Amino acid sequence: MAYRNTHVLIPSGPYTGSGVSPAFNTVGSDEIHVMLSVSSYSGAGPKLNVHVEWSMDRINWGRTELDDSFSEKATAGSTIEAFNVKAPLFRIAYAVSVGASFTFSTIVYTTH
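Residues numbered from 1 in each chain as written. Predicted model: local features only at pLDDT ≥ 70, side-chain atom pairs only at ≥ 80, totals over all residues. Heavy atoms only, no water.

Colleague: How would you explain the sheet that holds strand S4 (residues 31-42) if you had to name every residue and give the values?
Modeller: Taking strand neighbours across the sheet as the criterion, the four strands line up as S1-S8-S4-S6 in an open arrangement whose pairing is antiparallel. Here the strands that pair on one side only, and so sit at the sheet edges, are strand S1 (7-15) and strand S6 (77-84). Averaged over all neighbouring strand pairs, the angle between strand axes comes to 15°, with direction disregarded. In this structure, S4 lies alongside S6, joined through eight bridges in antiparallel fashion. The partner of Glu-31 across the bridge, within S6, is Asn-84. (Pairing = 2+ DSSP bridges. Helix = DSSP H or I, 4+ residues; strand = E, 2+ residues; numbered from the N terminus. Axes fitted to C-alpha atoms, helices over the stretch in contact; angles between N-to-C directions.)

Written out as structure tokens, the structure is:
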């Protein structure tokens, strides 16, 4: 298994609400490996949900039936998950619970 360079898709910073990373090209890759690093959080009952979304055309985005995602986060820490490539493009989508804030980042690398 050969690894490619790492790329920061969501830079470290405080996030509220929901958002998405820029699109990332998976052509020639078999898997993506995403590291989610949460350094701090605040608010009552904070929750962070992070998912991988896939696209064939940069216009239409969707999640798989099995939902390529991280388990819901409510504390600081780092987790790495591997996902099989399902389309030529992917992005990272996140949602922070109402009234909460999370400082986090995502870094990705691909294998071929």
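Past the structure itself, the notes keep going.
Colleague: Help me get a handle on the nonpolar core, residues and values and all.
Modeller: Counting 23 residues, the largest nonpolar core has Ile-32, Leu-48, Phe-90, Ile-92, Tyr-94 and Phe-104 as the members making the most contacts within it. Excluding residues that lie within four positions of it along the chain, Phe-104 makes contacts with Ile-10, Pro-11, Ser-12, Gly-13, Tyr-15, Leu-36, Ser-37, Val-38, Leu-48 and Tyr-94. (Core = buried A, V, L, I, M, F, W, Y, C linked by side-chain atoms within 4.5 Å. Buried < 20%, exposed > 50% of the residue type's maximum accessible area, 1.4 Å probe, protein only. Contact = heavy atoms within 4.5 Å.)

Colleague: Just give me the short version of the packing of aromatic side chains, but keep the residues and values in it.
Modeller: Summed over all chains, the structure comprises seven aromatic pairs. Ring-pair connections join several aromatic residues into one group, and the members of that group are Tyr-15, Tyr-94 and Phe-104. (Phe/Tyr/Trp six-rings, centres within 6.5 Å; stacked < 30°, edge-to-face > 60°.)

Colleague: Can you tell me about the confidence of the model for the protein, naming the residues and giving the values?
Modeller: Here the protein averages 94 in pLDDT, and 97% of its residues register 70 or above. Across the protein, the element-wise mean pLDDT spans from 94 in strand S3 (residues 24-25) up to 98 in strand S2 (residues 18-20). (pLDDT = per-residue confidence, 0-100.)

Colleague: So what's going on with the pairing of strand S7 (residues 89-96)? Residues and values would help.
Modeller: Buried residues dominate S7, accounting for seven of its eight residues. The sheet contact formed by S2 and S7 spans three bridges and is antiparallel. Each residue of the ladder has a partner; that of Val-20, found in S7, is Ala-93. As paired elements, S3 and S7 share two bridges and run antiparallel to each other.

Colleague: Can you break down the pattern of salt bridges residue by residue, with the values?
Modeller: The final tally for this structure, using the stated rule, is three salt bridges. The salt bridge involving Arg-63 is made with Glu-53; its shortest N-O contact spans 3.7 Å. Taken together, the positions of Arg-63 in the loop between strand S5 (48-55) and S6 and Glu-53 in strand S5 put the pair ten residues apart, joining distant regions of the chain. In this structure, Asp-68 engages Lys-86 in a salt bridge whose closest nitrogen and oxygen atoms are separated by 2.9 Å. Linking Asp-68 in the loop between S5 and S6 with Lys-86 in the loop between S6 and S7, this pair joins segments that are 18 residues apart in sequence. The network of salt bridges with common partners includes Glu-53, Arg-63 and Arg-91. (Salt bridge = Lys/Arg side-chain N within 4 Å of Asp/Glu carboxyl O.)

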